[in-house]
Amino acid sequence: MIDHFAERFEQRLDTFLNDEEVTPLNRIRNFLESGLARVTQNQCCKGCLIGNLGQELADLNERFRARLDEIFTMWRERFVACLKQAEKAGELSGSIDAAVVAGFILSGWEGRS
């Protein structure tokens, strides 16, 4: 179930973050705005399975925690790639740490769950 959910979310990330019709920062914005619309539509009743499991159960089993960490790392790397594209496009300063910003975005997103 975890892998299935993670795969579906990765496909969603790829749909937005790889959309070359849109500037890199707008890809991230579109992803977040789309997610906000979904959360609103669901009246804040549905959260992220991976985020919820990470908060509730990750300290109970090392293998379980490691798998969740792998998933979050894969997701964060998708944001890192998009942020690096934004740097190349001149949308962001080259002085930012894309990994830190990507972690902030993902943490904020998961925190809304």
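Refer to the structure presented above.
Counting restarts for each chain, with residues numbered from 1 along the sequence as it is written. Thresholds applied to this predicted model are a pLDDT of at least 70 for local features of residues and 80 or more for the giving and counting of side-chain atom pairs; totals over whole chains, interfaces and linings are not thresholded and use all residues. Remark: hydrogens and water are excluded; side-chain values derive from all non-hydrogen atoms of the structure.

A. View of the pattern of salt bridges. Salt bridges are defined as contacts in which a side-chain nitrogen from Lys or Arg sits within 4 Å of a carboxyl oxygen from Asp or Glu. For the coordinates displayed, the defined rule picks out 6 salt bridges. Linking Asp14 and Arg78 is a salt bridge whose minimum nitrogen-to-oxygen distance equals 2.7 Å. Of the two residues, Asp14 sits in helix α1 (residues 2–17) while Arg78 sits in helix α4 (residues 62–88), which places them 64 residues apart along the sequence. A salt bridge links Glu70 to Arg67; the shortest N-O distance between them is 3.0 Å. Separated by 3 residues within a single helix, Glu70 and Arg67 lie in helix α4, roughly one turn from each other. Classification of Arg67 as partly exposed rests on a relative accessible area of 28%. Through salt bridges with shared partners, one network takes in Asp3, Arg67 and Glu70. Segments assigned H or I by DSSP are reported as helices when at least four residues long, segments assigned E as strands when at least two residues long, and all are numbered from the N terminus. Relative accessibility under 20% of the residue-type maximum defines a buried residue, over 50% an exposed one, and the middle range a partly exposed one, all with a 1.4 Å probe and only protein chains included.

B. Looking closely at helix α2 (residues 24–41). The end-to-end C-alpha distance of α2, which contains 18 residues, comes to 26 Å, matching closely the 26 Å that a straight helix rising 1.5 Å per residue would cover. Within the span of α2, buried status applies to Pro24, Arg27, Ile28, Phe31, Gly35 and Val39. Relative to the axis of α2, the buried residues are bounded by an arc of 110 degrees and lie together on one face. Pointing more than 90 degrees away from the buried face of α2 are the exposed residues Leu36, Thr40 and Gln41. The length a helix should cover is 1.5 Å for every residue beyond the first. In this description, the arc belongs to the directions extending from the helix axis to the C-beta atoms.

C. Up close: α4. Helix length check: α4 (27 residues) gives 38 Å between terminal C-alpha atoms against 39 Å at 1.5 Å per residue, within 8%. Listed as buried for α4 are Leu68, Ile71, Phe72, Trp75, Phe79, Val80, Cys82, Leu83 and Ala86. Following α4 by one or two positions, Gly90 has its phi on the positive side, about 80 degrees.

D. Quick look at the packing of aromatic side chains. Within 6.5 Å between ring centres, the rings of Phe, Tyr and Trp (the latter by its six-membered ring) count as paired, and their orientation is classed by plane angle as stacked under 30 degrees, edge-to-face over 60, tilted in between. Per the counting criterion, the structure on display carries 6 aromatic pairs. Consider the rings of Phe31 and Phe79, whose centres lie 5.8 Å apart with planes at 70 degrees: the pair is edge-to-face. On the criterion of sequence distance, the pair formed by Phe31 in helix α2 and Phe79 in helix α4 is long-range, its members being 48 residues apart. Plain terms: the ring middles of Phe72 and Trp75 are 5.7 Å apart, the flat faces sit at 85 degrees to each other, and that makes the pair edge-to-face. On the criterion of helical spacing, the pair formed by Phe72 and Trp75 is a turn pair, its members being 3 residues apart in helix α4.

E. Molecular detail of the nonpolar core. Take the buried Ala, Val, Leu, Ile, Met, Phe, Trp, Tyr and Cys residues and link them wherever side-chain atoms come within 4.5 Å; each set so joined is a nonpolar core. Counting residues in hydrophobic clusters, the biggest one holds 21 residues, and the most contacted among them are Leu13, Ile28, Phe31, Trp75 and Phe79. For this core, the element with the most residues is α4, which contributes 8 residues. The criterion used for residue contact is that any of the two residues' heavy atoms lie within 4.5 Å. Excluding residues within four positions of it along the chain, Leu13 makes contact with Asn18, Phe31, Trp75, Arg78 and Phe79.

F. Broad picture of the packing of α2 against α4. Helix axes are fitted only over the stretch in contact, all axes being lines through C-alpha atoms; the angle between N-to-C directions runs from 0 to 180 degrees. Direction vectors running N to C along α2 and α4 enclose 140 degrees, while the axes themselves pass 7 Å from each other. Viewed along their axes, α2 and α4 adopt a mutual orientation that is oblique. Contact residues: Pro24, Leu25, Arg27, Ile28 and Phe31 in α2; Phe79, Cys82, Leu83, Gln85 and Ala86 in α4. Here the residues of the contact of α2 with α4 sort into 8 nonpolar, 1 polar and 1 charged. Should an angle fall under 35 degrees it is taken as roughly parallel, and over 145 as roughly antiparallel, whereas 65 to 115 is taken as roughly perpendicular and any remaining angle as oblique. Gly falls in the polar group here, along with every residue not listed as nonpolar (Ala, Val, Leu, Ile, Met, Phe, Trp, Tyr, Cys, Pro) or charged (Asp, Glu, Lys, Arg).

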